[in-house]
Amino acid sequence: MAKAHVYKRDHINTDEIIPARYLNTDDQAELARHCLEDLDKDFVNKVKEGDVIVAGEDFGCGSSREHAVWAIRGAKVQTVIAKSFARIFYRNAINNGFYIIESPDALEKINDGDEVEIDYKAGLIKNKTASIDISFNPLPDFALEIINDGGLLEHITKRTTD
Amino acid sequence: MGMTITEKILAKAVGKAKVVPGQLVDAKIDIVMCHDITTPPAISMLEEKGIDKVFDREKIVVTPDHFQPAKDIKSAELHKRLDGWAKRHNIKYYYKIGRAGVCHALLPEQGHIRPGEVIVGPDSHTCTYGAFAAFSTGIGSTDAAAAIATGQLWFKVPASMKFVLNGSLGPGVYSKDVVLAVIARVGTDGARYKAMEFVGPALKDMSMEARMTITNMAIEAGAKSGIIGFDDVTKQYLDEHLKDKTDYTVYESDSDAQYDAVEEFDCSAIEPMVALPHLPSGGVPIGECAGKEMDQAYIGSCTNGRIEDLRIAAGILKGKQVAIRTLIVPATPVIWKQAKDEGLFDIFYEAGCVISAPTCGACLGGFMGVLAAGEKCVSTTNRNFVGRMGHPESEVYLASPATAAASAVEGKLADPRSFL
Ligand code: SF4
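If you're wondering where the values come from, they're calculated on a predicted model, not measured in any experiment.

Chemist: Where do I start with the confidence of the model for chain B in this structure?
Modeler: Segments scoring low in pLDDT should not have their predicted coordinates read at a detailed level. Of all residues in chain B, 100% have pLDDT values of 70 or greater, and the mean over the chain is 97. Scored by ipTM, the complex comes to 0.89, with pTM at 0.94.

Right under this line is the structure:
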């Protein structure tokens, strides 16, 4: 069952998600070992495969480093649910085939450690611990197309060979 | 209904007469900027997918800068991957060490930025080039891989916000202070997904260097791009810097173009600003923070590492001694040589500063000036996030080169106007 790691903060930035001191590698497994290190040192010890991160506005602001998405995905996080995302992080997630969820209410309705289940098709986050459903707008079609193809490069390759 | 300059440039890039905000477009890319951190992953992706090609070897500009010269073995490996790729594809504009510099200072200086074009790069401050009436934005590595291979990229056409810069700057006040004041007002996501269009009389007196400091920080308000219209100052810079391809198209916003918001600023009233930790929007006038003790001053980066910035700093440091570690980092080899030839290095040396080779280095906490726990740095860079320049418990105070130099002399945040 997926657990929520909740950070009641806006503007969680790329330097906190993956500090520049680790940018000398693009190895996902190694980046994952430092995921959120400057925000929550303990995160890498707590996180389990399929867990979700929940945060406030402007998640992923700052640099264009896709390493931020790789670190999170490398830590086997299923998705990030935020009130809003910074532009480049949003692009990078989609381009990597990593589904992220924009929800204005999730932060208020999910507590740290709550168990959640996500129905991407229906646009529903089910908070099992609190027994409430939180709806969200699924990503736009063009983004889903890229995600379903497995990422932007797969999408392009498919388009050019179709 | 009229169009903004941003909409016009994007319309041209998709071969349409008109585009509107929110529309998804596949735009043709004119220039892809590539550096040493985010491009090697893009290269690996292309190799893995078996699409190891470049759309145009003359439209890709490569400059290792972040960890250049290599700070450790891993960065050396990144440089090696970049080098092998650039050579294999015979990239025409590959700036090797000795000619490489901080990307956003180097590309305009070497004549790669032209009005009306679409420029992308896997670096968030790629928005800098908007100072030249171009559309330019930061992307990720996957985007870069796609742009490198196909010369095309998806975009959502951004809505525009207009920033009217009225009045003129007082002595000791610079474009850095203006952009810190703008971000302090709108917040770090006040312009999220938008194009920030800067207009107004205060721009007239600003050099291209000063204008680039403003568009450089558009991302710090969350914007997709920053843009400034074309004028005589732009033309003169381009006349001096464009080399191989000297033609370009000038677009300007229609008088009935649509803006999401219009913000007016009286630049005459702006004072030297310092953005307090840990957000670029933390700007306050120097009067509210002067006296705060610092451990390091950093003068460099794509925001303020240009020759004009070094001249301003030297003007204040001349005949003085710095009280704290002071790092001077000319952003490109050309700037480095200019500063040396103009005698600025002597001034910095006499004052007790250390002068580094062109690099991003400590701006992103990489090397050459990393902060220890609890240390404070007054910096001419663009970002003061937690841990940006080193230890998560260190602090970064963003300021102009003048304020950084004045603070270096006093060892605490200081008003540059008392040094004029
Ligand atoms: S100088 Fe700093 S902000 Fe500019 S490109 Fe380099 S690391 Fe990024």
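Chemist: So what exactly am I meant to see when it comes to the environment of B:Gly2 here?
Modeler: Mapped onto the secondary structure, B:Gly2 falls in the segment before helix H1 (5–14). Non-local contacts of B:Gly2, meaning those with residues more than four positions away in its chain, are made with B:Glu7, B:Lys18, B:Asp254, B:Asp256, B:Ala257 and B:Gln258.

Chemist: In this structure, what is going on with the pairing of strand E5 (residues 118–121) of chain B? I would like to understand it.
Modeler: Successive residues of a regular strand alternate their side chains across the two faces of the sheet. Residues and elements named next belong to chain B. Burial along E5 is two-sided: Val118 and Val120 and Ile119 and Gly121, pointing in opposite directions, are all buried. Here strand E2 (residues 31–34) runs beside E5; their pairing, made up of two bridges, is parallel. Paired with Ile31 across the bridge in E5 is Ile119. By the bridge criterion, four bridges tie E5 to strand E6 (residues 135–138) in an arrangement that is parallel. Paired with Gly121 across the strands is Gly138, a residue of E6.

Chemist: I tried to follow the sheet that holds strand E4 (residues 93–94) of chain B on my own but got confused; where do I start?
Modeler: Either a parallel or an antiparallel arrangement is found when strands of a sheet pair, and the pairing is made through backbone hydrogen bonds. Residues and elements named next belong to chain B. In space, the five strands of this open sheet follow the order E4-E3-E2-E5-E6, with parallel pairing throughout. Both outer strands of the open sheet, E4 and E6, are each paired with one neighbouring strand and no more. With three bridges joining them, E2 and strand E3 (residues 60–62) adopt parallel strand pairing. Paired with Val32 across the two strands is Ile60, which belongs to E3.

Chemist: Would you explain the packing of aromatic side chains in this entry?
Modeler: Given two aromatic rings, their pairing is described by the distance between the two centres and the angle made by the two planes. Applying the stated criterion across every chain yields a total of 12 aromatic pairs over all chains. Look at A:Phe59 and A:Phe89: their rings are 5.2 Å apart centre to centre, the planes differ by 80°, and that puts the pair in the edge-to-face class. Placement of A:Phe59 in the loop between strand E2 (52–55) and helix H4 (67–74) and of A:Phe89 in helix H5 (residues 87–95) is noted, with a sequence separation of 30 residues between them. Classification of A:Phe89 by relative accessible area gives buried; the value is 3%. Taken together, the ring pairs connect A:Phe59, A:Phe85 and A:Phe89 into an aromatic cluster. Positioned over the ring face of B:Trp154 is A:Arg91, at 4.1 Å from the centre of the ring. Above the face of the B:Phe67 ring, B:Lys71 is positioned so that its terminal group lies 5.0 Å from the ring centre.

Criteria and cut-off values
Counting starts from 1 at the beginning of each chain's written sequence and moves along it residue by residue. As a convention, the first chain written is A and the first ligand written is 1, with the rest following in written order. In keeping with the predicted nature of the model, local features appear solely for residues at pLDDT of at least 70, side-chain atom pairs appear and are counted solely at 80 or more, and the whole-chain, interface and lining totals rest on all residues. Only hydrogens and water are set aside when side-chain values are computed; all heavy atoms of the structure are taken into account. pLDDT gives the predictor's per-residue confidence on a scale running from 0 to 100. The secondary structure listing takes helices from DSSP runs of H or I that are at least 4 residues long and strands from runs of E that are at least 2 residues long, numbered from the N terminus. By definition in these notes, contact holds between two residues if any of their heavy atoms fall within 4.5 Å. Buried means the residue's accessible area, taken with a 1.4 Å probe over protein chains only, is under 20% of the maximum for its type, while exposed means over 50%, and partly exposed covers the values in between. Two strands pair under a simple rule: DSSP has to find at least two bridges between them. Centres within 6.5 Å make a pair out of two Phe, Tyr or Trp rings, where for Trp the six-membered ring is used; the pair is then stacked when the planes are under 30 degrees apart, edge-to-face when over 60, and tilted otherwise. Lysine and arginine charges are scored as sitting over a ring when NZ or CZ, respectively, is within 6 Å of the ring centre and within 35 degrees of the ring normal.

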